[in-house]
Amino acid sequence: MKTYRFNRFTALVLSVLGLFATGCSKNKIQGELVGAPGEKWYAEKPYGMELIPSGSFVMGKTEEDLALDINAPAKTVSVGSFYMDATEITNAEYRQFVYWVRDSIARTKLAVLADELGLTAEDGGIGAFAFKEADTTDMTPYQKYRYFNKLGSSDNYYEGYTLNQDVELIWDTSKYPDEYYAEVMDQLYLSEEESFNGRRTLRVNQLQYQYNYLDVAAAARDRSDDRKKYIIKENIKVYPDTTVWMNDFSYTYVEPMHNDYFWHDAYSEYPVVGVTWKQAMAFCHWRTKIKNDALKAQGKRSVNAYRLPTEAEWEYAARGGIQSGTYPWGGPYLVGDDGCFLANFKPQRGDYATDSALYTVEAKSYRPNDYNLYNMAGNVAEWTISSYSDSAYEYVSTINPFSDDRSNPNKVVRGGSWKDVAYFLQVSTRDYEHMDKPRSYIGFRTVQDYMGETGEKDRRKQ
């Protein structure tokens, strides 16, 4: 009898709610199918990027394959619209990533020690960097629930706490506020025994970026309700490997490049190198995070993630809308009308300096292609998100082709570099490198899927 009464009661409640919902909907939309509430939204054009319009092209070797690789047979494919960085990611841009990680680690260490000592901002000194107490006055019930429960993971007690970003970090040792601050900051640097020439050198192995992502493809294939098993946790050392200048080549003097290339302001606008595929992926996640965090603070909608381009997207963008071009500038020649080389590579029989550069050049050098992209040939080769397979062109789709083999550590790199002969500069030439191998001649640039632009007219009404 109890079950019967409950079922009748439940049916009655649902019936009443249904009538109520029907009545409300009728008053608002008069029974018409108008869609769920929402508003039109277009993303802003990403800073430093160019729009690559959707289209079709012949991907692969349409000219003679001099290397006889036979790994890029011609195939007509189509790609959607996307934005791409106009230049390779520069040292200055990647340093912003490194600084953010460094500062976050410093603030976390300071806040944890302040908490252990029971210090707050009122106590001064290291207390100024204590975890920030949120003003709960204007919080919604849900915000209060999240704040007071923290919802951190079991292996990280402080996860969910808010760092105080309002106080500037102090890097000048003569201005440290107290000994506790000095204790924390000293942990970030090598000991005196490990340093030389009086320099304070960061412990770069400490600079690690942690993030999670969902393996969407695996989750979709499994169709499981348990999403947790497809959440991948990454902990990536972000500092580029400056030793690549020494290790990539033997019996050559490159010590100045090893010492200065990444940090010196003279090289700020040069492409970053010594970055693995995993580090490039971590950079993309971080760039997405800081952009969407800023938009959230402004009460705006989030944007699509920044990512590495697929191999097909890279080649399509490199061609610049010229279907049969051998190089990004279209023609089969490497020298322009003014007699100057059109890219930074290894010309002739190895006369590196003939193209006005011994190693890399600034990211915005030479003439851009017709999509306004610089150095899609030469300077540094570029990581793509695609896995390398000799037979990839045989099995990938003709719509947004993408080879995503998580078990394959070899990733496609494109464009050739300052140390490569002209063959590798051709837009259709494929190459690859192990995902964990940093090189002095491999960098990257990012893309973002196109979702429209601010102020764009609704073409459906035109």
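Before reading on, note that the structure itself is shown above.
Residues numbered from 1 in each chain as written. Predicted model: local features only at pLDDT ≥ 70, side-chain atom pairs only at ≥ 80, totals over all residues. Heavy atoms only, no water.

### Examining the sheet that holds strand E1 (residues 49-52)
Taken in spatial order, the 4 strands of this open sheet run E1-E4-E12-E7, and their pairing is antiparallel. Each having just a single partner strand, E1 and strand E7 (306-307) make up the two edges of the open sheet. Looking at chain direction, strand E4 (residues 82-85) and strand E12 (residues 447-449) are connected through 3 bridges and run antiparallel. Along E12, the bridge assignment pairs Met84 with Val447. (Pairing = 2+ DSSP bridges. Helix = DSSP H or I, 4+ residues; strand = E, 2+ residues; numbered from the N terminus.)

### Notes on the environment of Arg227
As for its placement among the helices and strands, Arg227 is situated in the loop between helix H5 (216-222) and strand E6 (231-237). Residue Arg227 is classed as exposed on the basis of its relative accessible area, which comes to 53%. Taking the C-alpha atoms as reference, Arg227 lies 9.2 Å from Asp215; in sequence the two are 12 residues apart. (Buried < 20%, exposed > 50% of the residue type's maximum accessible area, 1.4 Å probe, protein only.)

### What about the layout of surface pockets?
Counted as a void, the second largest pocket has a volume near 1000 Å³. For the second largest pocket, the lining is made up of 32 residues, of which Tyr213, Met281, Arg307, Ile385 and Arg406 are closest to its centre. Elements with a minimum of two residues in the lining of the second largest pocket: strand E5 (208-214), H5, E6, helix H8 (277-297) and E7. Considering every element that reaches the lining of the second largest pocket, the biggest residue donor is H8, with 6 residues. Here the residues of the lining of the second largest pocket are counted per class, giving 16 nonpolar, 7 polar and 9 charged. (1 Å grid on protein atoms, 1.4 Å probe; cavity = no way out; pocket = protein on both sides within 12 Å on 5 of 7 lines; lining within 4 Å. Points joined across faces, edges and corners; volume = space filled by probe spheres on them. Nonpolar A, V, L, I, M, F, W, Y, C, P; charged D, E, K, R; others polar.)

### Some thoughts on the sheet that holds strand E10 (residues 431-434)
Read across the sheet, 4 strands follow the order E10-E9-E8-E11 without closing on themselves; strand pairing throughout is mixed. Strand pairing shows two members of the sheet lacking a second neighbour, E10 and strand E11 (442-443), which therefore form its edges. Bridge count for strand E8 (residues 381-387) against E11 is 2 bridges, and the pairing is parallel. From the neighbouring strand, Ala381 faces E11, where its bridge partner is Ile442.

### Things to note about the packing of helix H2 (residues 91-117) against H8
Following both chains from N to C, one finds H2 and H8 inclined at 75°, their axes separated by 11 Å at the closest point. The angle between H2 and H8 falls in the class roughly perpendicular. Residues Glu93, Tyr94, Gln96, Phe97 and Trp100 of H2 touch H8, and the partners they reach there are Gln279, Ala282, Phe283, Trp286, Lys289 and Ile290. Considered class by class, the residues forming the contact of H2 with H8 number 7 nonpolar, 2 polar and 2 charged. (Axes fitted to C-alpha atoms, helices over the stretch in contact; angles between N-to-C directions. Parallel < 35°, antiparallel > 145°, perpendicular 65-115°, else oblique. Contact = heavy atoms within 4.5 Å.)

### A few points about empty space enclosed by the protein
In total, this model carries 3 cavities of 30 Å³ or more according to the counting rule given. Of the voids in this model, the largest cavity is the one considered here, and its volume is about 80 Å³. Taken together, 14 residues line the largest cavity, and the ones lying closest to its centre are Trp329, Leu342, Arg367, Asn375 and Met376. Partitioning the lining of the largest cavity into residue classes produces 10 nonpolar, 3 polar and 1 charged. What lines the second largest cavity is simply Met59, Glu311, Ala312, Ser386, Ala392, Tyr393, Val396, Pro401, Phe402 and Ser403. A per-class count over the lining of the second largest cavity returns 7 nonpolar, 2 polar and 1 charged.

### What about the pattern of salt bridges?
Applying the stated rule across the entire model yields 23 salt bridges. Its salt-bridge partner being Lys300, residue Glu44 comes within 3.8 Å of it at the nearest N-O pair. Taken together, the residues span a long stretch of sequence, with Glu44 in the loop between helix H1 (2-29) and E1 and Lys300 in the loop between H8 and E7 at a distance of 256 residues. (Salt bridge = Lys/Arg side-chain N within 4 Å of Asp/Glu carboxyl O.)

### Looking at the nonpolar core
If you look at the biggest cluster of nonpolar residues, it comprises 53 residues, and the most contacted ones within it are Tyr94, Phe97, Trp245 and Phe444. Elements represented by at least two residues in this core include exactly H2, helix H4 (179-186), E5, helix H6 (244-247), H8 and E8. Ranked by residue count, the leading element in this core is H2, at 8 residues. Setting aside residues up to four positions removed in sequence, Phe444 forms contacts with Glu88, Ile89, Tyr94, Val272, Val275, Ala280, Phe283, Leu308, Glu382 and Trp383. Counting 21 residues, the second largest nonpolar core, distinct from the first, contains Ile52, Ala312, Ala317 and Leu373. (Core = buried A, V, L, I, M, F, W, Y, C linked by side-chain atoms within 4.5 Å.)

### Focus on the packing of aromatic side chains
One pass over the structure, following the stated rule, counts 33 aromatic pairs. With centroids separated by 5.5 Å and ring planes inclined at 80°, the aromatic side chains of Phe97 and Tyr209 adopt a geometry described as edge-to-face. Note that Phe97 is positioned in helix H2 and Tyr209 in strand E5, a separation of 112 residues in sequence. In this pair, the class of Phe97 matches that of Tyr209, namely buried. Measuring from centroid to centroid gives 5.6 Å for Phe249 and Trp418, while their planes differ by 55°, and the two rings are tilted. Of this pair, Phe249 sits in the loop between H6 and helix H7 (255-260) while Trp418 sits in the loop between strand E9 (410-414) and E10, and the two are 169 residues apart along the sequence. With a relative accessible area of 26%, Phe249 lands in the partly exposed category. The residue whose ring lies beneath Arg102 is Trp171, and the NZ or CZ to ring-centre distance is 4.1 Å. A cation over a ring is seen here: Lys411 above Trp277, with NZ or CZ 4.6 Å from the ring centre. (Phe/Tyr/Trp six-rings, centres within 6.5 Å; stacked < 30°, edge-to-face > 60°. Lys NZ or Arg CZ within 6 Å of the ring centre and 35° of its normal.)

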